[in-house]
Amino acid sequence: MYEPSHLRSFLAVAQTLSFTQAAGRLGLRQSTVSQHVRRLEDATGRALFTRDTHSVELTEDGEAMLGFARRILEVHEQATAHFGGARPRGRLRFGASEDFVLTRLPEILEGFRHENPEVDLELTVELSGTLHERLTAGQLDLVLAKRREGDPRGQLVRHDELVWIGAPRFRLDPARPVPLIVYPPPGITRELALRALERAGRAWRITCTSGSLNGLVAAARAGLGVMAHSRGLVPPGLVRIPERAGLPALGEVEFVLAHAERPGPARPAAEALATALLAGGARLRRPGQ
């Protein structure tokens, strides 16, 4: 028998690759998370992580445990909901950022709807900055999106490096301003890209603006310029711009789950969906990865 609490700690570490961040996500002490992982490793008789003072990585057995842990927790949640009596119901206004359009998020939402047939799920796909504004205004109940640097709100789902991407044959001309493909304001990725170029003293010009990820991808595939994007979510047909191109580093970006500040009638449904998203966090990447 694998303890659900141990599996949750394992998944949190696997998704963040950090015992400290996993502890923050779960509201536990780091020592408790470490103890949970050790007990799970004792129960399996296998090492699930390789770790040193600088990094945490999944072993092959850890990668295998990811799928098992998610399925065990999903069944556990189903049994709890079935025998617990109260099931979430009512309208749930959920917002997801454009970053997740090409990932397996629809699979997670489909599973949630199957397990919670009395919840009327209303999905909004928008820019992260816009979603946070709508959440603050009380127009959404739960948001899965990037958060701005220094913003403490939200429960960490994953963090990733932000990189420059473009068409495989695209080449930057160092004598000309950097051609940019960007979201409109208040896009968080747009803000980080412009700030990085300005700090580096690089001239730039906007060649395409679109509120749709599909629009940005089409422009990039056509060779109109470069765009900033999460390394783990690079769309098909685009590649990372090599460092020799001289573009400035963009840093990291964090994706979080944020609830409405004022708990309302949708809170139980929002909590249930948040649990499903955290349990299936490893699937929040594009198919094939």
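Refer to the preceding data block for the structure.
Everything quoted here is computed from the prediction, not taken from an experiment. (Residues numbered from 1 in each chain as written. Predicted model: local features only at pLDDT ≥ 70, side-chain atom pairs only at ≥ 80, totals over all residues. Heavy atoms only, no water.)

## Quick word on the overall build of the protein
Point 1. A count of helices and strands for the protein gives nine helices and eleven strands.
Point 2. Here the C-alpha atoms of the protein give a radius of gyration of 20 Å, agreeing with the 19 Å that 2.2 N^0.38 yields for 289 residues.
Point 3. If one aligns the C-alpha atoms of the protein with their principal axes, the spans along those axes are about 65 × 45 × 30 Å.
Point 4. The buried share of the protein, reckoned over its 289 residues, is 47%.
Point 5. Across the protein, the fraction of contacts at a sequence separation of at least 24, relative to all contacts at a separation of at least 6, is 75%.
Point 6. By element, 50% of the accessible surface of the protein is carried by carbon and sulfur atoms, the whole surface being about 14,600 Å². (Helix = DSSP H or I, 4+ residues; strand = E, 2+ residues; numbered from the N terminus. Rg over C-alpha atoms; globule rule 2.2 N^0.38 Å. Buried < 20%, exposed > 50% of the residue type's maximum accessible area, 1.4 Å probe, protein only. Contact = heavy atoms within 4.5 Å. Areas by Shrake-Rupley, 256 points an atom, 1.4 Å probe, with all protein chains shown as cover.)

## What about a nonpolar patch on the surface?
Point 1. A grouping of Tyr 2, Phe 68 and Ile 72 is seen on the molecular surface, where their side chains present a nonpolar patch of about 260 Å² in accessible area.
Point 2. Mapped onto the elements of the fold, Phe 68 is located in helix α4 (residues 60–84).
Point 3. Judged by its relative accessible area of 46%, Phe 68 is partly exposed. (Patch = residues over 30% accessible without salt bridge, like charges linked within 9 Å, V, L, I, M, F, W, Y side chains within 5 Å. Salt bridge = Lys/Arg side-chain N within 4 Å of Asp/Glu carboxyl O.)

## A look at the side chain of Arg 190
Point 1. Relative to the elements of secondary structure, Arg 190 occurs in helix α7 (residues 188–200).
Point 2. Salt bridges are absent for the buried Arg 190, whose nearest opposite-charge side chain, Glu 191, sits at 8.2 Å.
Point 3. What Arg 190 contacts, discounting residues up to four positions off in sequence, is Val 182, Tyr 183, Pro 184, Pro 185, Ile 206 and Thr 209. (Lys, Arg positive; Asp, Glu negative; His and termini not counted.)

## Some thoughts on unusual backbone geometry
Point 1. With an omega of 5°, the peptide bond running from Pro 185 to Pro 186 counts as cis.
Point 2. Locating Pro 186 in the fold gives a position in the loop between β7 (178–182) and α7.
Point 3. You will see that Leu 17, though not glycine, has its phi angle at about 55°, which is positive.
Point 4. With respect to the helices and strands, Leu 17 occurs in the loop between α1 (4–16) and α2 (19–26).
Point 5. A relative accessible area of 37% means that Leu 17 is categorised as partly exposed.

## Details of the pairing of strand β9 (residues 227–230)
A regular strand places its side chains so that they alternate between the two faces of the sheet.
Point 1. In β9, alternate side chains face the same way, and those of Met 227 and His 229 on one face and Ala 228 and Ser 230 on the other are all buried.
Point 2. Taken together, the four bridges between strand β6 (residues 155–166) and β9 define a ladder with antiparallel strand orientation. Considered in β9, the bridge of Leu 162 is made with Ser 230. (Pairing = 2+ DSSP bridges.)

## Details of helix α8 (residues 213–221)
Point 1. Among the residues making up α8, those that are buried are Leu 213, Leu 216, Val 217, Ala 219 and Ala 220. Buried residues of α8 fall within an arc of 160° about the axis and therefore sit on the same side.
Point 2. Against β7, β8 (204–209) and β9 lie the buried residues of α8.
Point 3. With a side-chain oxygen positioned 3.2 Å from the backbone nitrogen of Asn 214, the residue opening α8 is Ser 212.
Point 4. Positive phi appears at Gly 223, one or two residues downstream of α8, with a value of about 80°. (Arc of directions from axis to C-beta. Polar contact = N/O pair within 3.5 Å; in protein donor to acceptor, adjacent residues only side chain to side chain.)

## So, the packing of aromatic side chains
Point 1. A complete count under the given rule lists three aromatic pairs for this structure.
Point 2. Taking the centre distance of 6.1 Å and the plane angle of 65° together, the rings of Phe 19 and Phe 49 count as edge-to-face. Pair noted here: Phe 19 is in helix α2 and Phe 49 is in strand β1 (residues 49–51), with a separation of 30 residues, a long-range link. Considered together, Phe 19 and Phe 49 belong to a single accessibility category, that of buried residues. (Phe/Tyr/Trp six-rings, centres within 6.5 Å; stacked < 30°, edge-to-face > 60°.)

## Comments concerning the pattern of salt bridges
Point 1. Following the criterion strictly, the structure yields 16 salt bridges and no others.
Point 2. Across the salt bridge formed by Glu 271 and Arg 267, the nearest N and O atoms sit 3.1 Å from each other. Placement of the pair is Glu 271 and Arg 267 together in helix α9 (residues 267–279), with a separation of four residues, close to one helical turn.
Point 3. Overall, the relative accessible area of 36% leaves Glu 271 in the partly exposed class.

## A few points about the environment of His 6
Point 1. In this structure, His 6 sits in helix α1.
Point 2. His 6 sits in the buried class, given a relative accessible area of 10%.
Point 3. With residues near it in sequence (within four places) discarded, His 6 still touches His 36, Arg 39 and Leu 40.

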